Amino acid sequence: MKRFFVSLTILYVLLFFVSCGDDKNETTENTIVKKEIKSAEGGEVESADGKAKVDIPEGALDEDVEITVQMKNPANYTDKDDIGSNVYNFGPEGLQFKKPVTITLKTTRDKTAGQIITIAVYKDTEWVYEGSGLESSGDPIMSGDPIMSGDPIMSGDPIMAKVEHFSDYAVLIFDEEKTDDIGDTGNTGNTGNTGNTGDTGDTGNTAEDGTLTINLTNAAEADGQTLTVDIYAENEIDVANPVKKLGRNTVEIKNGVASFALKNSEDFEILETDWIGTGGTTYDLYLFTDENGNDMADKNTNEKVSGYPGKITIDGNTVRDLDFQTDFTVFTPENGTITVTASGMTEYEGKTLILGVFNFGESLLDGQLLGTGKTIISEGNATIQTMQLTAPTVTWEGEGGLLYDIFVIVDENLNDEPDNGEFAVKALDPFTIMILKDITTVPFTASDFAEIIKP
């Protein structure tokens, strides 16, 4: 593989409990502040409303860059009721740094006892904090006197985070019971909101396990095509791994209708047994019409998709009724790059992590390397953005809707090759993703790596 480095990501949240007046006039959505920051000097850029800023240290940029901060409308984002600040786009979008930069966002409402407060990044139509390198603020790292997780944070207080790339960021404030991974370890379960005497029915998850039936109507224009559904765990992106695919089914559309229950699958084969989902659990659905029999949605065809992936939550024997005219759209995925993150890698501290991207189904040794990247594992974490082979400073971009195999290796011998005794994701079995968005982030942990044993 060609050699070049990209910076690792070490993201963490800092809270400072200080009173900050807001002496700026209100500004409108999409107001953009632009400022050139010199790599050798660094600098600070503040939003037009004074409620967001980024502090870039010297040497964090590869070259002088015009930095932008744009205020966005929280109403245009998911989970808007949890957003506790304005949303800000720090640009250029996707810019990577050689060392962490600090963003500061001022809250627009109070945090009360029993709530979580965290800075989150917007990825793939959802806010991400746990598992993305952004730690929650339930146990904050403080400057000066410590603040306990139950202490209030007031509107206008600044929340700070160290980040290594630019995107959309906001403060989230939500009840601890909304997440299983964050909050007070003394909370042994969600047994309902005992303070709300009107909410006596919420005593935990009462949803039942059940099947999933798909009914399609009003699809005469798709007659002769097959309706196909694949189901995965939520946010699972290793789409060509038969172990990850939980169930599937396919049936020919006739007279504008199709109907079936999802079946269990094994090695991509459809079994006779019904797939049973766990009650209250949300799954990803890849639901599409297929006219050429290749078991995937294709661009520039008569095939259409619904969601891709869509979401379904199981509560007993669940039925989804779909109208082809309103629930299906032309498949128009965006081109994009691949970013790999690795966390919990302390046992590989100081070693080199390398990435190779290949066309789907090509061998690591015999296939054509499309894009690559390399970085050093530091403090148990690493981030690699895929770069072009012929232009190592330019981000590689894959075609939206296509499958790509990625190989991630801990390169102890520093020869850019996988050797016996080294470690790789899935021990060099390919990890296959489909590019659907501008940036596809693939997170790994130490448990995903296994020793390479060549025959």
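Worth saying up front: this structure is predicted, and the values here are computed from it rather than measured.

Draft legend 1. Structural detail: the environment of Ser265. For Ser265, the position within the fold is in strand 17 (residues 263-266). Taking the C-alpha atoms as reference points, Ser265 and Gly247, 18 residues apart in sequence, are found 4.9 Å from one another. The contact partners of Ser265, leaving out residues within four places of it in the chain, are Lys245, Leu246, Gly247, Arg248 and Leu271. At 3.4 Å, the side chain of Ser265 and the backbone oxygen of Lys245 are in polar contact.

Draft legend 2. Up close: the layout of surface pockets. The computed volume of the largest pocket comes to approximately 1100 Å³. Around the largest pocket, the lining comprises 40 residues; the ones closest to its centre are Lys123, Asp124, Glu126, Asn235 and Ile237. Going through the elements one at a time, strand 9 (126-128), strand 19 (282-290), strand 20 (304-313), strand 22 (329-330), strand 30 (431-434) and strand 31 (439-445) are the ones with two or more residues in the lining of the largest pocket. With 6 residues, strand 20 is the largest single contributor of residues to the lining of the largest pocket. Of the residues belonging to the lining of the largest pocket, the class tally is 16 nonpolar, 12 polar and 12 charged.

Draft legend 3. Representation of the pattern of salt bridges in the model. Summed over all chains, the structure comprises 14 salt bridges. A salt bridge links Glu44 to Lys53; the nearest nitrogen and oxygen atoms lie 3.7 Å apart. Residue classification places Glu44 among the partly exposed positions, given a relative accessible area of 35%. When its relative accessible area of 29% is taken as the criterion, Lys53 is described as partly exposed. In the salt-bridge network here, residues are joined through shared partners; they are Asp230, Lys245, Arg248 and Asp295.

Draft legend 4. A look at the sheet that holds strand 21 (residues 318-323). Strands sit in the order 16-13-21 across an open sheet of 3 strands; the sheet is mixed. The open sheet has two edge strands, strand 16 (258-261) and strand 21, and neither has a second partner. Going from strand to strand, the sheet's axes swing by 10 degrees on average, the running direction of each strand aside. In this sheet, strand 16 lies alongside strand 13 (residues 212-217) in antiparallel orientation, the contact comprising 4 bridges.

Draft legend 5. Seen up close, the nonpolar core. If you look at the biggest cluster of nonpolar residues, it comprises 29 residues, and the most contacted ones within it are Val54, Ile56, Ile67 and Phe90. With residues up to four places along the chain from it excluded, the contact list for Phe90 reads Ala52, Lys53, Val54, Thr68, Val69, Ile103, Leu105, Phe166, Ser167 and Tyr169. Formed by 25 residues, the second largest nonpolar core is a distinct cluster that contains Ile384, Val408, Val410 and Phe431.

Draft legend 6. Spotlight on the packing of aromatic side chains. One pass over the full model with this rule turns up 17 aromatic pairs. Summarising the aromatic geometry, the rings of Phe90 and Tyr169 are spaced 6.2 Å apart at their centres and angled 65 degrees between planes, so their arrangement reads as edge-to-face. Taken together, the positions of Phe90 in strand 6 (residues 87-91) and Tyr169 in strand 12 (residues 168-175) put the pair 79 residues apart, joining distant regions of the chain. Seen from their ring centres, Tyr348 and Phe449 are 6.0 Å apart, and the 45 degrees between their planes marks the pair as tilted. Placement of the pair is Tyr348 in the loop between strand 23 (337-343) and strand 24 (352-359) and Phe449 in strand 32 (residues 449-451), with a sequence separation of 101 residues. For the residue pair Tyr348 and Phe449, the accessibility class agrees, reading buried in each case. Three or more aromatic residues link up through ring pairs in this structure, and these residues are Tyr232, Tyr286, Phe288, Tyr308 and Phe331.

Draft legend 7. How the structure looks around a negative patch on the surface. Together, Glu41, Glu58, Glu63 and Asp64 line one region of the surface with negative charge. Tracing the backbone shows Glu58 in the loop between strand 4 (52-56) and strand 5 (65-72). When its relative accessible area of 52% is taken as the criterion, Glu58 is described as exposed.

Draft legend 8. Focus on the sheet that holds strand 23. With respect to topology, 3 strands assemble into an open sheet ordered 26-23-31, the strand pairing being mixed. Edge positions in the open sheet fall to strand 26 (382-385) and strand 31, since each of these has one partner strand only. Mean inter-strand twist for the sheet, computed between neighbouring axes without regard to direction, equals 15 degrees. Of the strand pairs in this sheet, strand 23 and strand 26 are connected by 4 bridges, and their pairing is antiparallel. By the bridge assignment, Val340 is partnered in strand 26 with Ile384.

Draft legend 9. Summary view of the environment of Thr329. Topologically, Thr329 is positioned in strand 22. Of the residues examined, Thr329 reaches a relative accessible area of 45% and is grouped as partly exposed. Distance in space between the C-alpha atoms of Thr329 and Ser306 is 6.5 Å, their sequence separation being 23 residues. Beyond its immediate sequence surroundings of up to four residues, Thr329 is in contact with Lys304 and Val305.

What counts, and where the lines are drawn
Residues numbered from 1 in each chain as written. Predicted model: local features only at pLDDT ≥ 70, side-chain atom pairs only at ≥ 80, totals over all residues. Heavy atoms only, no water. Helix = DSSP H or I, 4+ residues; strand = E, 2+ residues; numbered from the N terminus. Contact = heavy atoms within 4.5 Å. Polar contact = N/O pair within 3.5 Å; in protein donor to acceptor, adjacent residues only side chain to side chain. 1 Å grid on protein atoms, 1.4 Å probe; cavity = no way out; pocket = protein on both sides within 12 Å on 5 of 7 lines; lining within 4 Å. Points joined across faces, edges and corners; volume = space filled by probe spheres on them. Nonpolar A, V, L, I, M, F, W, Y, C, P; charged D, E, K, R; others polar. Salt bridge = Lys/Arg side-chain N within 4 Å of Asp/Glu carboxyl O. Buried < 20%, exposed > 50% of the residue type's maximum accessible area, 1.4 Å probe, protein only. Pairing = 2+ DSSP bridges. Axes fitted to C-alpha atoms, helices over the stretch in contact; angles between N-to-C directions. Core = buried A, V, L, I, M, F, W, Y, C linked by side-chain atoms within 4.5 Å. Phe/Tyr/Trp six-rings, centres within 6.5 Å; stacked < 30°, edge-to-face > 60°. Patch = residues over 30% accessible without salt bridge, like charges linked within 9 Å, V, L, I, M, F, W, Y side chains within 5 Å. Areas by Shrake-Rupley, 256 points an atom, 1.4 Å probe, with all protein chains shown as cover. Lys, Arg positive; Asp, Glu negative; His and termini not counted. Charge placed at Lys NZ, Arg CZ, Asp CG, Glu CD.

Read these as geometric descriptors, not functional statements.
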